[in-house]
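Okay, here's what each chain looks like letter by letter:
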Amino acid sequence: MKIYDFNELETNTLVYGGHSGQKLGVVINGENWFLKFPKRIKNLTNKFEISYTTSPLSEYIGSHIYESIGIPVHETKLGIKDGKVVVACKDFRENINKIHFDDYNSIKNDYVDGMEEKLKSVPSSSNNHNVGLEEVEVLLNNHPLFLKNSELKQRFWDMFVVDALIGNNARNNGDWGVLVNNKTNETTVCPVFDNGASFNTKSSDEQIKKIMNDNNRFESSVYKARMCIFVENDKQLNPFKYIESLKNKDCNAALMRIVPKINVENIKNMINEIPNEVNGIQTISEIRKEFYCKCIEYRYEKSLYPTYLKIKEMIID
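Residues numbered from 1 in each chain as written. Predicted model: local features only at pLDDT ≥ 70, side-chain atom pairs only at ≥ 80, totals over all residues. Heavy atoms only, no water.

1. Thoughts on the pattern of salt bridges
Stage number 1. For the coordinates displayed, the defined rule picks out 21 salt bridges.
Stage number 2. Note that Glu 286 and Lys 289 form a salt bridge whose closest N and O atoms lie 3.9 Å from each other. Of the two residues, Glu 286 and Lys 289 both sit in helix α12 (residues 286–316), three residues apart, roughly one turn of that helix.
Stage number 3. Through salt bridges that share partners, Lys 36, Glu 59 and Asp 194 make up one connected network. (Salt bridge = Lys/Arg side-chain N within 4 Å of Asp/Glu carboxyl O. Helix = DSSP H or I, 4+ residues; strand = E, 2+ residues; numbered from the N terminus.)

2. Notes on the confidence of the model for the chain
Reading fine detail from the predicted coordinates is not recommended where pLDDT is low.
Stage number 1. Taken as a whole, the chain shows an average pLDDT of 91; of its residues, 93% reach a score of 70 or greater.
Stage number 2. The low-confidence segment residues 44–50, where pLDDT is below 50, has eight contacts with residues more than four positions distant or belonging to other chains. (pLDDT = per-residue confidence, 0-100. Contact = heavy atoms within 4.5 Å.)

3. Here we look at the sheet that holds strand β13 (residues 230–232)
Stage number 1. Strand order across the open sheet formed by three strands is β10-β13-β14, with mixed pairing between neighbours. The open sheet is flanked by β10 (131–132) and β14 (235–236), the only strands paired with a single partner.
Stage number 2. Note that β10 and β13 share two bridges and pair parallel. The residue of β13 that forms the bridge with Val 131 is Phe 230. (Pairing = 2+ DSSP bridges.)

4. Remarks on the environment of Ile 271
Stage number 1. Within the element layout of this structure, Ile 271 appears in helix α11 (residues 264–272).
Stage number 2. The exposure class of Ile 271 is buried, given its relative accessible area of 0%.
Stage number 3. Ile 271 sits 266 residues away from Asp 5 along the chain, and the two C-alpha atoms are 20 Å apart. (Buried < 20%, exposed > 50% of the residue type's maximum accessible area, 1.4 Å probe, protein only.)

5. Brief notes about the side chain of Asp 194
Stage number 1. Mapped onto the secondary structure, Asp 194 falls in the loop between β12 (187–189) and α7 (205–212).
Stage number 2. A relative accessible area of 17% means that Asp 194 is categorised as buried.

6. Quick word on the state of the cysteines
Stage number 1. For the coordinates displayed, the defined rule picks out zero disulfides.
Stage number 2. The thiol of Cys 228 is unpaired, and the distance to the nearest cysteine sulfur, on Cys 251, comes to 10 Å.
Stage number 3. On the accessibility criterion, Cys 228 (9% relative accessible area) is buried.
Stage number 4. Cys 295 forms no disulfide, and the closest cysteine sulfur to it belongs to Cys 293, at a distance of 9.2 Å.
Stage number 5. Given the relative accessible area of 0%, Cys 295 is considered buried. (Disulfide = S-S within 2.5 Å.)

7. Side note on helix α10 (residues 249–258)
Stage number 1. Among the residues of α10, those classed as buried are Asp 250, Cys 251, Asn 252, Ala 254, Leu 255 and Ile 258.
Stage number 2. Looking at the buried positions of α10, the neighbouring elements they touch are α1 (55–69), α4 (133–142), α6 (150–166), α9 (239–245) and α12.
Stage number 3. Two or three places before Asp 250, at the opening of α10, Asn 248 has a side-chain oxygen 2.9 Å from that residue's backbone nitrogen. (Polar contact = N/O pair within 3.5 Å; in protein donor to acceptor, adjacent residues only side chain to side chain.)

8. Considerations on the packing of α10 against α12
Stage number 1. Where α10 contacts α12, the axes come no closer than 10 Å and their chain directions differ by 110°. Classified by the interaxial angle, the pair formed by α10 and α12 is roughly perpendicular. The segment α10 lies against α12, with Asn 252, Leu 255 and Met 256 engaging Leu 304, Thr 307, Tyr 308, Ile 311, Lys 312 and Ile 315.
Stage number 2. Taken together, the residues that form the contact of α10 with α12 break down as six nonpolar, two polar and one charged. (Axes fitted to C-alpha atoms, helices over the stretch in contact; angles between N-to-C directions. Parallel < 35°, antiparallel > 145°, perpendicular 65-115°, else oblique. Nonpolar A, V, L, I, M, F, W, Y, C, P; charged D, E, K, R; others polar.)

9. A closer look at the sheet that holds strand β9 (residues 99–103)
Stage number 1. Read from one edge to the other, the open sheet built from three strands follows the order β9-β11-β12, with strand pairing classed as antiparallel. The open sheet terminates on both sides in strands that have one partner only, identified here as β9 and β12. Pairs of neighbouring strands in the sheet enclose a mean axial angle of 30°, with direction left out of account.
Stage number 2. Two elements, strand β11 (residues 177–181) and β12, share three bridges in a ladder whose sense is antiparallel. Within β12, the residue paired with Val 180 across the bridge is Thr 187.

10. Digging into α6
Stage number 1. End to end, α6 covers 25 Å across 17 residues, agreeing with the expected 24 Å (1.5 Å per residue, within 8%).
Stage number 2. Counting buried positions along α6 yields 14 of 17 residues, so the element is predominantly enclosed.
Stage number 3. At the exit of α6 stands Gly 167, carrying a positive phi of roughly 75°. (Expected span 1.5 Å × (residues − 1).)

11. Observations regarding the side chain of Thr 54
Stage number 1. Within the secondary structure, Thr 54 is located in the loop between β6 (50–52) and α1.
Stage number 2. Exposure remark for Thr 54: the relative accessible area of 18% places this residue in the buried category.
Stage number 3. Contacts of Thr 54, omitting those with residues within four sequence positions, involve Thr 201, Arg 288 and Tyr 292.

12. Re the pairing of strand β8 (residues 84–90)
Stage number 1. Where burial is concerned, most of β8 is hidden: five out of the seven residues are buried.
Stage number 2. In the sheet, strand β7 (residues 76–81) pairs with β8 via six bridges, with the strands oriented antiparallel. Note that in β8 the partner of Leu 78 across the bridge is Val 87.
Stage number 3. Taken together, β7 and the strand that follows it, β8, pair antiparallel across an intervening segment of two residues, in which Asp 82 is found at a positive phi of about 55°.

So, in structure tokens, the structure goes:
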């Protein structure tokens, strides 16, 4: 696998927003991309020392896992810029003057006759940190855009399952939606993007070592106490417990689509093929590789695959 040198890239004048660290618009082979830099965070003692998340690495690995499962995802390349590990993400708008992106936040604010009445029956739990799943479900099942395009609803639940697998706990309302043709208003489902919150991205190698050396701590960190951004009845959801409950037929259907396409060994090989360093700059440590591989294997074998078999048995019966 190649680690790219992004130091001499031509920049463009495009601005890329979001809250996941600094971004820089660049041109690669005549196409618009942007670089995502690691986000600075204070250490846990709240001192002034600053460390960096491994979000570019997580973005790359998470995106390639989506790709391996066959779900459309933005193209990514891992590289070095100004001494830091960064990820280049291709602008999925083929023509920025022709296509624009409408995220779920924009869609849910559309006026739809009767929608306000339907939403009265569910808690309004969405904010900057949480997303109310009941509210999302009302939109998925009643908004004209979702009714017209069943693939968009499927994409939500596919992401719910894959995000559980990769430990992405920050799929907020701005991280998925549709691409809209400015002239025809025709919509297509946007590729998956923004996977940088996967794989304990804020944990240092030392913290990961402690997790790996304690089986109970490992199980709690990657499965039992793992929470996602969604809340139900004002309570934060453990995505695995939700999937295992079999309470949602759309989530069940997503699991049946996704699990047969998960190849754990191929995913582990992809992670292990990432060079540990390039030009003296560490890209990923051995302990982090081991941890990421173990996370994927554990979540698949402990939760996703057994639940898939349960549903399969129910269908046969």
